[in-house]
Amino acid sequence: MKFAVIQFPGSNCDQDCLAAVRGLNGIEADFVWHKETSLKGWDAIVLPGGFSYGDYLRCGAIARFSPIMRAVVADAEAGKLVIGICNGFQILCEAGLLPGALVRNRSLHFVCEMATTRVEAAESPFTRGMPIGTLLRLPVAHGEGCYYADETTLRELNERQQVLLRYCDAEGKITSAANPNGSVENIAGICNRARNVFGLMPHPDRACEERLGSKDGTRIFESMLRAVAGDDRAAA
Amino acid sequence: MKVKVIVTPKETVLDPQGAAVREAMHHLGFTGAREVRIGRYLEIELEGDLAGQEGKLRELCHDLLSNPVIEDYRLELPNETK
């Protein structure tokens, strides 16, 4: 299985993402420069964190028009797995692949800390083997991570179980104290209706080794690996 | 020719920056500020006439210069009667 890690000018977690997925059995990974126009040959796409285009205008607003994004949108619509982390999540929202938007943290502070998140949906290619209530410790580091969606969108997200992760306390309780950025309903990560596009503010790529304080991020990438492998077997 | 684009956060979107500025105004003794909303202001110098460019310009206001999920925009064209 091959992951493509997209590099935009200003991406700064591209190396982390590559290292995180390359560390897993059965995953190869390559960087793909944002000027490329095709993602043929890669089974999954990672939009890494960082500050693409210096966060000018709005976070992700300019990266969304990079040449590679046409391929990302086309492949996402064809069912390929896409994960957007932090700035990658912002880009996915700007591109319209995910609903809602990420705005300035309620506190106005840049937050950089370990967060606990709770798996909120039963089925997704990103949370296999993680039943509802599973806790994942993942670091956050962002200034614009406050998830916003209007009421209609929010209702739909909940009805369709598209909220995959919410911020919670160490016991798994969804509290406002555990919400690092003021996201509506403590939302940390959502998927699209087809469940093949996932965006999240926390960094699974920075939680892939014990010495980083958590290995929980690995579970998300392993889930993607299993999802793709399973699909392959079904097709064969 | 110069056109102006003013982007503002939608009413339903919290604007913590605006709230912080309002607080600062209160601290400075100006208690008349009930609400402050912070947006973005763009000046765009156009090559040639507006004619033929306005449609594209509006499209860009919607797709690039603002995010309709969280922002409204106003495109101000010069009052030109050539």
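Please refer to the structure placed before this passage.
These numbers come from a predicted model, not from an experiment.

What counts, and at which threshold
Residues numbered from 1 in each chain as written. Chains lettered and ligands numbered in written order. Predicted model: local features only at pLDDT ≥ 70, side-chain atom pairs only at ≥ 80, totals over all residues. Contact = placed C-beta atoms within 7 Å. Helix = DSSP H or I, 4+ residues; strand = E, 2+ residues; numbered from the N terminus. Nonpolar A, V, L, I, M, F, W, Y, C, P; charged D, E, K, R; others polar. Pairing = 2+ DSSP bridges. Axes fitted to C-alpha atoms, helices over the stretch in contact; angles between N-to-C directions. Buried ≥ 20, exposed ≤ 12 C-beta atoms within 10 Å, placed from the backbone. Right-handed = clockwise from strand over helix to strand, strands pointing away.

**Q** Looking at this structure, I do not really get the interface of chain B and chain A. What am I missing?
**A** A common way to express how large an interface is: the accessible area buried when the components associate. Between chain B and chain A, the residue contacts involve ten residues of the former and eleven residues of the latter. Here the element with the most residues in the side of chain B that touches chain A is helix H1 (residues 16-27) of chain B; it accounts for three residues. Its residues assigned to classes, the side of chain B that touches chain A comprises seven nonpolar, three polar and no charged.

**Q** Is there a simple way to think about the pairing of strand E6 (residues 111-119) of chain A in this case?
**A** Note on strand geometry: in a regular strand, side chains alternate between the two faces of the sheet. Residue and element names in this part refer to chain A. Bridge count between E6 and strand E7 (residues 135-142): eight bridges; the pairing is antiparallel. Each residue of the ladder has a partner; that of Glu113, found in E7, is Val140. As defined by bridge partners, E6 adjoins strand E9 (residues 163-168) across four bridges and the pair is classed as antiparallel. Bridge assignment links Thr116 to a residue of E9, and that residue is Cys168.

**Q** So what exactly am I meant to see when it comes to the sheet that holds E6 of chain A here?
**A** Strands pair in a sheet through their backbones, by hydrogen bonds, and they do so in one of two ways: parallel or antiparallel. Residue and element names in this part refer to chain A. Reading across the sheet, the nine strands line up as E2-E1-E3-E4-E11-E10-E9-E6-E7 and stay open at both edges, with mixed pairing between neighbours. Single-partner strands in this sheet number two, and they are strand E2 (28-33) and E7. Ignoring which end each strand starts from, the neighbouring axes of this sheet average 25° apart. When strand E3 (residues 44-47) meets strand E4 (residues 81-85), the two strands line up parallel, connected through four bridges. Looking across to E4, one finds that Ile45 is bridged to Val82.

**Q** It is not clear to me how the pairing of E3 of chain A should be interpreted in this structure. Could you clarify?
**A** All names here are of chain A. Burial along E3 is two-sided: the residues Ala44 and Val46 and Ile45 and Leu47 are all buried. Relative to E3, strand E1 (residues 2-7) runs parallel, the two being bridged by three bridges. Residue pairing in the sheet places Phe3 in a bridge with Ala44 of E3. Once you follow E3 into helix H2 (residues 68-77) and on to E4, the crossover reads as right-handed.

Remember, this is a structural readout, not a statement about activity or role.
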